[in-house]
Amino acid sequence: MIPLGEITWQYTVVPVDYNFRGSIKYEILDELFLNDPEDDESFSRSANLDREEWQNLQNESFLQTGYPEEIVTPSKQRGSWLVCGTLRYSDDSKNRTYGLEGAKVIAKRWFKVKTTYTNGTGYFCAGSFSSSKAKVAVKWERADWDIRDGSYGQAYTGWDEISRGGFWNKILTTSGREDWLFGGVHLAAMEYFYRYSAYGLRKPWSKNWFGDRRLHIGVKNKSGRAHVFDFNSIWWAAPIVIYKGQGSTNDRSIAVFGTTIHELAHVSQWYYTGSLTTWWLTAKRLVESWATGVEYEVVKRVYGGSTYSNNYGQTRTLASILNSPYTPIVTDMIDTYNQVGGGRPDDRVSGYSLGQLEQALPGNLQDWYKWRNNIRDRISNPTEGSQLDYLFHEYD
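In this report, the structure presented in the accompanying data block is examined. As the structure is a computational prediction, the values presented were derived from the model and not from experiment. (Residues numbered from 1 in each chain as written. Predicted model: local features only at pLDDT ≥ 70, side-chain atom pairs only at ≥ 80, totals over all residues. Heavy atoms only, no water.)

All right, on to the overall build of the chain then. Looking only at helices and strands, the chain has ten helices and 13 strands in total. Here the chain holds 396 residues, and 49% of them are scored as buried. Accessible surface for the chain amounts to roughly 19600 Å². Of this, 49% is attributable to carbon and sulfur atoms. (Helix = DSSP H or I, 4+ residues; strand = E, 2+ residues; numbered from the N terminus. Buried < 20%, exposed > 50% of the residue type's maximum accessible area, 1.4 Å probe, protein only. Areas by Shrake-Rupley, 256 points an atom, 1.4 Å probe, with all protein chains shown as cover.)

Set out below in structure tokens:
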């Protein structure tokens, strides 16, 4: 932050080999600044330059700054070219590679910057360039959220240089672990932020609601336990942190996706009901059971099947479930499957929706049975009587 009364940084263009006075602090952002005549026609008109004169001026700039490969002669006249490519994600849980939708792509050369977003197949065209080369990268951010490389720095993938006529083809694989993690977190965030209504859920965060600040999702390429801490936002750190898995199973795409959904469900709880720090220790079974249910239902729709519930779901005995705060009560209240037998509870509750159960969450998230009462009072369901009482008592 600039102290009150002090002058901020000033930006300017100076000649090659310009000597600043010793008392002036400066930083060279780039060795060459070029206005593109295709993007800034008013500049070339004001300078009374035709296309040939403009080209000669550029050629001299390239020569003086050490970029002779950029010089254009009559025999090398060239028009503009489109910087295009594809971004794909290697999903080791689906055993296939597919286009990653909605990723923000930046193409740049000198001070010309173009941005666009990948479509449903991962394809993009960022804009036209007249230079011989351009650099391309993914900036992992959207309107309401971004991904941090660690807790603070903006996450990028790429800055690869491509030549005129080239095509940027990036595949995020597990061999490039950090970029692959960025892709998996992006996939989950896109699902929750842009398809929440398909699940009957509320949008987990909006930049317009909270001081025009994006939700920062930190990614760390090391072992650790994913978490969400609301107080991190006080000093602009990432409230959510996702780590790589601690074993072969947890390293898979489905685990990265599911863990991100789980933590985003916590963020939604936090902002619709109050600060995490006020109830985290006293209502852990409620908040973790809810996030577990959202995780499972979203993962089931995106990845299919029901085997994901084996982690902490309906296949576990009641005794093992009660050793942790993660219960399958949300899925129990939605589906018609009864896992009774083998030490598992007699689940005779069904027919609720994810959206109904979210709307019934108690305002302070501190009362397990307040949630049950809200469900019974607000939602008409034939299994809301003794069946619902039994399920809540069994998991308490």
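It is worth spelling out the sheet that holds strand β3 (residues 104-109) at this point. Pairing is antiparallel across the open sheet formed by four strands, whose spatial order is β4-β3-β6-β9. Lying at the two open borders of the sheet, with one neighbouring strand each, are β4 (112-117) and β9 (156-163). Shown here is a sheet whose adjacent strand axes are inclined to one another by a mean of 20°, direction ignored. Of the pairings in the sheet, the one linking β3 to β4 comprises six bridges and is antiparallel in character. Note on β4: the bridge partner recorded for Val105 is Thr116. (Pairing = 2+ DSSP bridges. Axes fitted to C-alpha atoms, helices over the stretch in contact; angles between N-to-C directions.)

Further remarks concern a nonpolar patch on the surface. A cluster of nonpolar side chains, Trp9, Tyr11, Leu29 and Phe111, forms an exposed patch at the surface whose accessible area comes to about 530 Å². In this fold, Tyr11 is placed in the segment before α1 (41-46). The exposure class of Tyr11 is exposed, given its relative accessible area of 67%. (Patch = residues over 30% accessible without salt bridge, like charges linked within 9 Å, V, L, I, M, F, W, Y side chains within 5 Å. Salt bridge = Lys/Arg side-chain N within 4 Å of Asp/Glu carboxyl O.)

This part takes up the nonpolar core. Judged by nonpolar contacts, the single largest core of 77 residues is most densely connected at Trp140, Met333, Trp371 and Ile375. When residues of this core are assigned to their parent elements, the largest contribution, ten residues, is made by helix α3 (residues 177-195). Sequence-distant contacts of Met333, that is, excluding residues within four places in its chain, are made with Val349, Ser350, Gly351, Tyr352, Leu357, Trp371, Ile375, Leu388, Leu391 and Phe392. (Core = buried A, V, L, I, M, F, W, Y, C linked by side-chain atoms within 4.5 Å. Contact = heavy atoms within 4.5 Å.)

Turning to the pattern of salt bridges, a few remarks are in order. Here the structure, examined in full by the defined rule, presents 15 salt bridges. The shortest N-O distance in the salt bridge between Arg195 and Glu191 comes to 3.2 Å. Here Glu191 and Arg195 lie together in helix α3, a separation of four residues that amounts to about one turn. Residue classification places Glu191 among the buried positions, given a relative accessible area of 11%. Here Arg376 makes a salt bridge to Asp389, at a shortest N to O gap of 2.5 Å. Remark: Asp389 occurs in helix α10 (residues 386-395) and Arg376 occurs in helix α9 (residues 368-378); sequence separation between them is 13 residues. Its relative accessible area of 23% is what places Asp389 among the partly exposed residues.

Further remarks concern the side chain of Ser324. You can see Ser324 is positioned in the loop between α6 (318-321) and α7 (329-334). A distance of 3.4 Å separates a polar side-chain atom of Ser324 from the backbone nitrogen of Tyr326. In contact with Ser324, other than residues within four places in its own chain, are Arg285 and Arg316. (Polar contact = N/O pair within 3.5 Å; in protein donor to acceptor, adjacent residues only side chain to side chain.)

On to the pairing of strand β1 (residues 81-91), then. Judged by how many residues are buried, β1 sits mostly within the fold: nine of eleven residues are covered. The pairing of β1 with strand β5 (residues 123-129) spans five bridges and is classified as antiparallel. Note that in β5 the partner of Trp81 across the bridge is Phe129. Judged from the five bridges that link them, β1 and strand β10 (residues 168-172) form a sheet pairing that is parallel. Note on β10: the bridge partner recorded for Thr86 is Asn169. Sheet topology places β1 next to strand β2 (residues 96-99); four bridges connect them, and they run antiparallel. Opposite Arg88, over in β2, you have Gly99 as the bridge partner. Here β1 hands over to β2 after four residues, with Asn95 in that stretch at a positive phi of 55°.

Mapped onto the fold, Lys133 is located in strand β6 (residues 133-139). Overall, Lys133 belongs to the partly exposed group, its relative accessible area being 23%. Sequence-wise, Lys133 and Val83 are 50 residues apart; in three dimensions their C-alpha atoms are separated by 9.4 Å.

In a regular helix each residue adds 1.5 Å, so 20 residues correspond to 28 Å; helix α5 (residues 284-303) covers 27 Å between its end C-alpha atoms and thus fits that length. Gly304 sits one or two positions beyond α5 and adopts a positive phi of about 75°. (Expected span 1.5 Å × (residues − 1).)

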